Amino acid sequence: MADALLLLSFGGPEGPEDVLPFLENVTRGRGVPPERLAEVAEHYLHFGGVSPINALNRQIITALEADLADAGLDLPVYFGNRNWHPMVEDTVATMTADGVRSALVFPTSAWGGYSGCRQYDEDIARARAAVGDGAPELVKLRQYFDHPLLIASFADAITAAVQQLPADHREGARLVFTAHSIPVAADNVAGPPADGGRLYSRQVAEAARLCAAAAGFAEYDVVWQSRSGPPQVPWLEPDIVDHLDVLHGKGIESVVVCPVGFVSDHLEVIWDLDNEAATRAGELGMAFARAATPGTDPRFPRMIVELIQERLSAGEVRELGEVPGYGCTVDGALCAVGCCEMPKRPARP
């Protein structure tokens, strides 16, 4: 049984004064130069120094609380972040003070890999260690990249995005899926070692396949966005903006972009797609529409309830894809020894 649910997310600044401290939290230990932090900070300051992610997570929590009540599940919902307030360490301390002995954890990442899964295990372990004796047992819910409700939400968002295009550009529009790029070396070791690696990119490709089929598209592309780090380190490619140039060269006149790798319209979605990609498409004379993310769809909190029910009562496992998922572990344990190791970064010259 469980006494509560913890929604565990990435976090984001909620005012200009938060931006640099937040980015320093995100990049701690990575040797990111100050000029790069200042560059990224400008993206946030362009929107008043506020990332939408915390507000969107609070909306999800409000809807989830109603759905839990409708399902007869008496689980108070707590909210904690990795990189900004409310910090997960503080939230788990509050849960402990409230008498929570065991809680389920829903991470706002559907994926395997270091950033998508293992780092949430590290968050859980760190928070419990910070609290010490008396910290609740924390059971992370599984990866949900191919859950039917998530796929249906994306598919309907794609259909709606097509209708946003000018009528004479809807026929033949190219469907392009995006997800957050990661270093190729990190993708190569994503997943339990026995599974052969590349779990993250395989899951993204599978989710894209399922969404495209559900939306009635036989052809589509999978590309990446939001890469960072030194240029000599290979990351998953192609980048969305570069891919628009390629499509333009092939005579494609309209594109629908679906950010399948993202739960909510947080800043990377807004900046990389609604700003940079949309601007480049306009420069190329391409009609452009971006599909909504599922976080505000009522099916998203219903999916969370299904994941909870599945865990609490050994209920039906609802999956659509053929690529494996993992991620359901206790107290920050890994799915397997060596699972999703973070490759050592090369020494800076």
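Residues numbered from 1 in each chain as written. Predicted model: local features only at pLDDT ≥ 70, side-chain atom pairs only at ≥ 80, totals over all residues. Heavy atoms only, no water.

**Student:** I'd like a rundown of the sheet that holds strand 5 (residues 174-180), residues and numbers included.
**Tutor:** The strand order 6-5-7-8 describes an open sheet built from four strands, whose pairing is parallel. Each of the sheet's edge strands pairs with one partner strand only, and the pair in question is strand 6 (221-225) and strand 8 (287-290). Between one strand axis and the next, the sheet turns through 30 degrees on average, direction left out of account. One ladder, built from four bridges, connects strand 5 with strand 7 (residues 254-258); its direction is parallel. (Pairing = 2+ DSSP bridges. Helix = DSSP H or I, 4+ residues; strand = E, 2+ residues; numbered from the N terminus. Axes fitted to C-alpha atoms, helices over the stretch in contact; angles between N-to-C directions.)

**Student:** Outline the packing of helix 6 (residues 148-164) against helix 11 (residues 299-313), listing residues and values.
**Tutor:** Each pair of packed helices can be described by the angle between their axes along with the distance between the axes. Two elements in contact, helix 6 and helix 11, have axes separated by 9 Å at closest approach and are oriented at 170 degrees. Taken together, helix 6 and helix 11 sit at an angle that is classed as roughly antiparallel. In this structure, helix 6 contributes Leu149, Leu150, Ala152, Ser153 and Asp156 to the contact, and helix 11 contributes Arg299, Phe300, Arg302, Met303 and Glu306. Split into classes, the residues belonging to the contact of helix 6 with helix 11 amount to five nonpolar, one polar and four charged. (Parallel < 35°, antiparallel > 145°, perpendicular 65-115°, else oblique. Contact = heavy atoms within 4.5 Å. Nonpolar A, V, L, I, M, F, W, Y, C, P; charged D, E, K, R; others polar.)

**Student:** Can you explain the packing of helix 1 (residues 19-27) against helix 2 (residues 34-45)? Please cite residues and give values.
**Tutor:** Viewed as axis vectors pointing N to C, helix 1 and helix 2 meet at an angle of 125 degrees, and their least axial separation amounts to 10 Å. It follows from the interaxial angle that helix 1 and helix 2 lie oblique. With respect to the hand of their crossing, helix 1 and helix 2 are arranged in right-handed fashion. Note on element contacts: helix 2 touches helix 1 through Leu37, Val40, Ala41, Tyr44 and Leu45, opposite Val19, Leu20, Phe22, Leu23, Glu24 and Thr27. (Left-handed = near helix turned anticlockwise from the far one by under 90°.)

**Student:** Quick rundown of the pattern of salt bridges? Include the residues and the values.
**Tutor:** The tally for this structure, following the rule as stated, stands at 22 salt bridges. Asp245 is the salt-bridge partner of Arg280, the closest N and O atoms lying 2.8 Å from each other. Residue Arg280 is found in helix 10 (residues 267-284), and its partner Asp245 is found in helix 9 (residues 240-249); the two are separated by 35 residues along the sequence. Classification of Asp245 by relative accessible area gives partly exposed; the value is 31%. Of the charged contacts in the structure, one is a salt bridge between Asp265 and Arg290, with a shortest N-O distance of 3.0 Å. Of this pair, Asp265 sits in the loop between strand 7 and helix 10 while Arg290 sits in strand 8, and the two are 25 residues apart along the sequence. We classify Asp265 as partly exposed; its relative accessible area is 23%. Residues joined by salt bridges that share partners form a network here, namely Arg82, Glu89, Asp123 and Arg126. (Salt bridge = Lys/Arg side-chain N within 4 Å of Asp/Glu carboxyl O. Buried < 20%, exposed > 50% of the residue type's maximum accessible area, 1.4 Å probe, protein only.)

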